[in-house]
Amino acid sequence: MRFLPRIFMILAAVLALSAAAIYAWLRSLEPDYTGELRLPGLKVPVEVLFDVHAVPHIRAENEEDLFLAFGYLHARDRLFQMEIIRRLGSGRLAEVFGEKALASDQLFRTLSFRQHAERSVDSMMSHPERPHVKAALAYLKGVNHYIATGATPVEFTLAGIPKTPFEPEDVEVIVSYIGYTFTGAFRTEPIATAVAEKWGMDHVRDAFANWPDSVWTLPVQRPDDASRLQAAKTLTEMTERISGIEAVLPYPSYKGSNGWVIAGKKTKSGKPIMANDTHIAFAQPSVWYEAHLSCPGYEVYGNFIAGTPVPALGHSPRAGWGITMFENDDMDFYREKANPADPGQVWFKDHWEPLAVRKDTIRVKGGENVLLDVQSSRHGPILNGAFDGLNGFKEPIAMWWVHDQFPSTHLQMFYELSHAGDAAAAAVAVAKLSSPGLNIMWADTLGNIAWWAAGKLPVRPGHVNPNLILDGSTGFDDPTGWLPFSQNPQILNPERGVLYTANNQPDDMGSGLVPGYYVPSNRARRIEELLYTDKSDWTEAAARDMINDITCPTYPDLIRNLVPAIARDSLSPEASKALGLLGAWNGRHGLDDVEPTIYYRFLYMTYRRMLLDELGHTAFRAFEHSMSLKRNTTALLQNDSSRWWEDKSTPRHETRREVLTAALNEAVAALQRQLGRDMDGWQWKRVHFLEHRHPLGILPLVGRWFSVGPFPVPGGQETINNLDFSLDSTGVYKVISGPALRRIVDFGDPEARFSVNPTGQSGHLTSSYYKDQARLFVEGGKRPERLDWQAIGSAGIGRMLLKP
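Residues numbered from 1 in each chain as written. Predicted model: local features only at pLDDT ≥ 70, side-chain atom pairs only at ≥ 80, totals over all residues. Heavy atoms only, no water.

Peer 1: Could you give an account of the overall build of the protein chain, with specific residues and numbers?
Peer 2: Secondary structure assignment for the protein chain yields 23 helices and 32 strands. Here the protein chain holds 804 residues, and 60% of them are scored as buried. Restricting to contacts in the protein chain with at least 6 residues of sequence separation, those with at least 24 account for 72%. Split by element, the accessible area of the protein chain, about 30,300 Å² in all, is 54% carbon and sulfur. (Helix = DSSP H or I, 4+ residues; strand = E, 2+ residues; numbered from the N terminus. Buried < 20%, exposed > 50% of the residue type's maximum accessible area, 1.4 Å probe, protein only. Contact = heavy atoms within 4.5 Å. Areas by Shrake-Rupley, 256 points an atom, 1.4 Å probe, with all protein chains shown as cover.)

Listed below in structure tokens is the structure:
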């Protein structure tokens, strides 16, 4: 026994030395920010200055050297992030993460991003002399030099990932994955069709408002009702499976965004001010990588997606642009009519057509290879085979997507946009985009402000409602062409002197409203409240207050409408007190506010009582967080005669009054169990959290060290500071998505260009810049995006010289 203390001391010393050794090894993987480095392929030396947040400011003598150096530095900071997103889009995660990633691989192999990338690269390489092609190839040369000679990130070692070169196809796969995350079709169309077929028109009109009645009455050739309902059930099951996959994907999806531009006549500087906060699922490292690129004839401070050479948003000394999601419906699902005698054929018009088949093999770490037959009809890939247990359904479901109809133009469009110096040149660039649909905002020092809803818009037959599953057998539901870009929603120098986009429905350009999965008007209304005023002295600071706004004006209006419908004499004393708080609520979502905690619990209980009996658990989970429900919540809850109030599981007819009263009682009782009986302690900060999860979070023991947070955060669903979450029975609201940056540029004041990253610039765990902005972000802070080389050098952390 007398030796035990000595043994424990020795063990403690060994553990301490091991920890010190591991820490020293991790620190050895961090990049240097000073010194010289040989970079093969450079024509002349390239200078790199790093600012106080480790953002590289790269100065070269020509564009190819510039993009070569940028590729090297981008890989040095974010190689693991780049590797994960290319594997994700290619369906190759199971090679390193094993069977737990198999469902994701089956989905993305079926969606065939790699095959589309190959077609896009073939198209791109038919013109190797084009500047954007040269820039992309130079970028990849820099990436691959780091892969060949640079330190191996710790994540590669822990997950056993081999380092392999990047190819142009990898860039396009990444673009395809990003485009896929923009679409809302999976979350709405199958459920809408199932509701229509099972419960009828009244249910559809209530829950999916603003659908044209003619869709339901125009005579068309249709298969039998049972067939349509089976197709809807099949796709609803797929929707639930996809939601499960997306919940654990190692790279975030895109959810929405805010953006607005204020003309010089309404700003203190006399030049436009642009604000943009892209709404993306949170992850670690942060989605955007920042870099300042400069050479003769070209300069941009940009935000880059991992593995891509051109900035998706940015600004130069002369101009700048921002993006939000258009939310247009660019994806349709077709129910194909299978040949009973030959499942490899489907009917089209007057004949059987063979399905194209591609045989694929998914390698699974620690398991057997999985063989996958990817089938495609003329409309697109057959989705059934992507999901275990669904391949036996006799109704094949094909996915038609605008993205698949054209080679990708992403690189060319953003390359040209980053070179544009005025609105006319920018319009030429954005017209080239096919998919995904993007709202692109523009401002320049000439005083122009503009907005284009960019992307190819299909012309669908007049009887087609793209929110429903379509008939693939007749040809009657197929698109007939494309609108010219002049018919895309757009505006240049509006009379009001302001413009904004918040993922809401654009107005009609003369060819009808563009179908889409637009969000409710909550953020748009609040933006208009703050922008559409007589204020003529806007500054970056005032715009910063607005981008951090946490008040939703539509929720109090909804509550005021619901209060008279609730039977007060049937409420518990606690529920009656909660109703009083909600009735006086102004929609603010501050950390210490109690009202949002009550509101969202009440909303969930109402949804559950209204929808669950008709939809069932699978469809309810899929529909609860869909934009269609969000957009129509107010109209649905205010409709006293809606069929949704009836409980289909009971013989009696429930009323709106009964459902709302019971939901509020249940919500308050649940909050008492969760947070205690003292209502003053039900503050929003106790239930609303933000955590930036790292892809290695799935690994036992070590995974949690890579994530950042959690932090209690203000804001909520559809506030301008949109920190979104899923409603569920837990009453804990873990933030899923929100601003991936908060960027404001005053084009009249070079020192008033600011942003903030949710965590940090570096992808290295022990780096000082891995999470140095995390607290700044949750507190609504900012830091500069500098273009002035003297200011960068005097306040930076280092200088590197890259030599041929």
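Peer 1: How would you sum up unusual backbone geometry? Please name residues and give values.
Peer 2: Gln-284 connects to Pro-285 through a cis peptide bond whose omega is 0 degrees. Tracing the chain through its elements places Pro-285 in the loop between β5 (273-281) and β6 (289-295). With a phi close to 65 degrees, Asn-503 is a non-glycine residue in the positive phi region. Structurally, Asn-503 can be placed in the loop between β24 (498-501) and α15 (522-531). Unusually for a residue other than glycine, Glu-718 sits at a positive phi of about 65 degrees. Tracing the chain through its elements places Glu-718 in the loop between β26 (708-712) and β27 (733-734).

Peer 1: Report on the packing of aromatic side chains, specifying residues and quantitative values.
Peer 2: The tally for this structure, following the rule as stated, stands at 30 aromatic pairs. Judged by centre distance (5.9 Å) and plane angle (75 degrees), the ring pair of Phe-282 and Phe-777 falls under edge-to-face. Highlighted residues: Phe-282 in the loop between β5 and β6 and Phe-777 in helix α22 (residues 774-778), separated in sequence by 495 residues. Overall, the relative accessible area of 10% leaves Phe-282 in the buried class. Ring centres 5.4 Å apart and planes at 20 degrees place the aromatic pair Tyr-600 and Trp-684 in the stacked group. (Phe/Tyr/Trp six-rings, centres within 6.5 Å; stacked < 30°, edge-to-face > 60°.)

Peer 1: Residues and numbers for the pairing of strand β32 (residues 798-803), please.
Peer 2: Where strand β1 (residues 35-38) meets β32, 4 bridges bridge the pair, whose relative direction is parallel. By the bridge assignment for β32, Arg-38 is matched with Lys-803. With 5 bridges joining them, strand β2 (residues 46-50) and β32 adopt antiparallel strand pairing. Counterpart to Leu-49 in the pairing with β32 is Arg-799. (Pairing = 2+ DSSP bridges.)

Peer 1: How would you explain empty space enclosed by the protein if you had to name every residue and give the values?
Peer 2: If you walk through the whole model with that rule in mind, you get 12 cavities of 30 Å³ or more. Taken as a whole, the second largest cavity holds about 70 Å³ of empty space. Looking at the second largest cavity, the residues that line it are Arg-76, Asp-77, Arg-78, Leu-79, Phe-80, Gln-81, Pro-153, Glu-155, Pro-285, His-694, Gly-763 and His-764. Here the element with the most residues in the lining of the second largest cavity is helix α2 (residues 63-90); it accounts for 6 residues. Its residues placed into classes, the lining of the second largest cavity shows 4 nonpolar, 4 polar and 4 charged. (1 Å grid on protein atoms, 1.4 Å probe; cavity = no way out; pocket = protein on both sides within 12 Å on 5 of 7 lines; lining within 4 Å. Points joined across faces, edges and corners; volume = space filled by probe spheres on them. Nonpolar A, V, L, I, M, F, W, Y, C, P; charged D, E, K, R; others polar.)

Peer 1: Provide a residue-level description of the sheet that holds strand β14 (residues 356-362), including the pertinent values.
Peer 2: Taken together, the 3 strands give an open sheet; going across it, the order is β14-β15-β16, and neighbouring strands pair in antiparallel fashion. With one partner strand each, in any of the chains shown, β14 and β16 (380-381) form the two edges of the open sheet. Across 2 bridges, strand β15 (residues 370-377) lies against β16 in antiparallel orientation. Across the sheet, the residue bridging to Ser-376 is Pro-381, located in β16.

Peer 1: Would you mind going over the side chain of Asp-404 in detail, with residue names and values included?
Peer 2: As for its position among the elements, Asp-404 is in the loop between β17 (397-401) and α13 (410-419). Aside from chain neighbours lying at most four places away, what touches Asp-404 is His-116, Arg-119, Pro-381 and Met-399.

Peer 1: How would you explain α13 if you had to name every residue and give the values?
Peer 2: Of all 10 residues that make up α13, 8 are buried, and the element is covered over most of its length. Residues of α13 that are buried: His-410, Leu-411, Gln-412, Met-413, Phe-414, Tyr-415, Leu-417 and Ser-418.

Peer 1: Outline the sheet that holds β27, supporting the account with residue identities and numerical values.
Peer 2: Pairing is mixed across the open sheet formed by 3 strands, whose spatial order is β26-β25-β27. Edge positions in the sheet fall to β26 and β27, since each of these pairs with one other strand and no more. In this structure, strand β25 (residues 688-692) lies alongside β26, joined through 3 bridges in antiparallel fashion. By the bridge assignment, Leu-690 is partnered in β26 with Phe-711.

Peer 1: So what about the pairing of β15? Which residues, and what values?
Peer 2: Examined bridge by bridge, β14 and β15 share 7 bridges and lie antiparallel to one another. Bridging from a neighbouring strand, Asp-360 pairs with Leu-372 of β15.

Peer 1: Any chance you could break down the environment of Glu-99 for me, citing the residues and the numbers?
Peer 2: Topologically, Glu-99 is positioned in the loop between α3 (94-97) and α4 (102-111). Judged by its relative accessible area of 62%, Glu-99 is exposed. For Glu-99 and Val-364, which are 265 residues apart along the polypeptide, the C-alpha to C-alpha distance reads 6.1 Å. Contacts of Glu-99, omitting those with residues within four sequence positions, involve Val-364 and Lys-365.

Peer 1: If you had to explain the nonpolar core to someone new, which residues and values would you point to?
Peer 2: Membership of the largest hydrophobic core comes to 121 residues, with the highest contact counts inside it found for Trp-288, Leu-417, Ile-440 and Trp-442. Among the elements that take part in this core, α2 stands out by supplying 14 residues, more than any other. In this structure Trp-288 touches Arg-78, Thr-278, Ile-280, Asn-303, Phe-304, Ile-305, Ala-312, Leu-313, Ile-323, Ala-740, Leu-741 and Asn-757, once residues within four positions along its chain are discounted. (Core = buried A, V, L, I, M, F, W, Y, C linked by side-chain atoms within 4.5 Å.)

Peer 1: Got a sec to walk through the pattern of salt bridges? Specific residues and values, please.
Peer 2: In the structure shown here, the tally under the stated rule is 34 salt bridges. For the salt bridge of Lys-43 with Glu-64, the shortest nitrogen-to-oxygen distance reads 3.9 Å. Separated by 21 residues along the polypeptide, Lys-43 in the loop between β1 and β2 and Glu-64 in helix α2 bring together distant segments of the chain. According to the relative accessible area criterion, Lys-43 is exposed, its value standing at 52%. By relative accessible area, Glu-64 is classed as partly exposed at 33%. Here Glu-666 ties to Arg-609 by a salt bridge, and the two come within 2.7 Å at their closest N and O atoms. In this pair, Glu-666 sits in helix α21 (residues 656-675) while Arg-609 sits in helix α19 (residues 595-624), placing the two residues 57 residues apart along the sequence. (Salt bridge = Lys/Arg side-chain N within 4 Å of Asp/Glu carboxyl O.)

Peer 1: Explain the packing of helix α18 (residues 573-583) against α21 residue by residue, including any values.
Peer 2: The N-to-C vectors of α18 and α21 enclose an angle of 100 degrees; their axes lie 9 Å apart at closest approach. It follows from the interaxial angle that α18 and α21 lie roughly perpendicular. Packed against α18, whose contacting residues are Glu-574, Ala-575, Ala-578 and Leu-579, the element α21 presents Leu-664, Asn-665, Val-668 and Gln-672 at the interface. Looking at side-chain class alone, the contact of α18 with α21 contains 5 nonpolar, 2 polar and 1 charged residues. (Axes fitted to C-alpha atoms, helices over the stretch in contact; angles between N-to-C directions. Parallel < 35°, antiparallel > 145°, perpendicular 65-115°, else oblique.)

Peer 1: Give a description of the environment of Ser-418 that names residues and reports values.
Peer 2: Along the chain, Ser-418 falls in helix α13. Spatially, the C-alpha atoms of Ser-418 and Val-310 are 8.0 Å apart, while their sequence positions differ by 108 residues. Sequence-distant contacts of Ser-418, that is, excluding residues within four places in its chain, are made with Tyr-298, Val-300, Pro-311 and Trp-321.

Peer 1: Give me the lowdown on the packing of helix α6 (residues 131-149) against α13, citing residues and values where you can.
Peer 2: With their axes 9 Å apart at the nearest point, α6 and α13 run at an angle of 105 degrees to one another. One element, α6, and the other, α13, form an angle in the roughly perpendicular class. When α6 is examined against α13, the residues Pro-131, His-132, Ala-135 and Ala-136 are found in contact with a partner set consisting of Leu-411, Gln-412 and Tyr-415. Partitioning the contact of α6 with α13 into residue classes produces 5 nonpolar, 2 polar and no charged.

Peer 1: Could you give me a rundown of the confidence of the model for the protein chain, with the residues and numbers involved?
Peer 2: Within the protein chain, residue pLDDT values average 88, and 86% of them lie at 70 or more. In this model residues 210-227 is a low-confidence stretch, pLDDT under 50, and it forms 28 contacts with partners more than four residues away in sequence or in other chains. (pLDDT = per-residue confidence, 0-100.)

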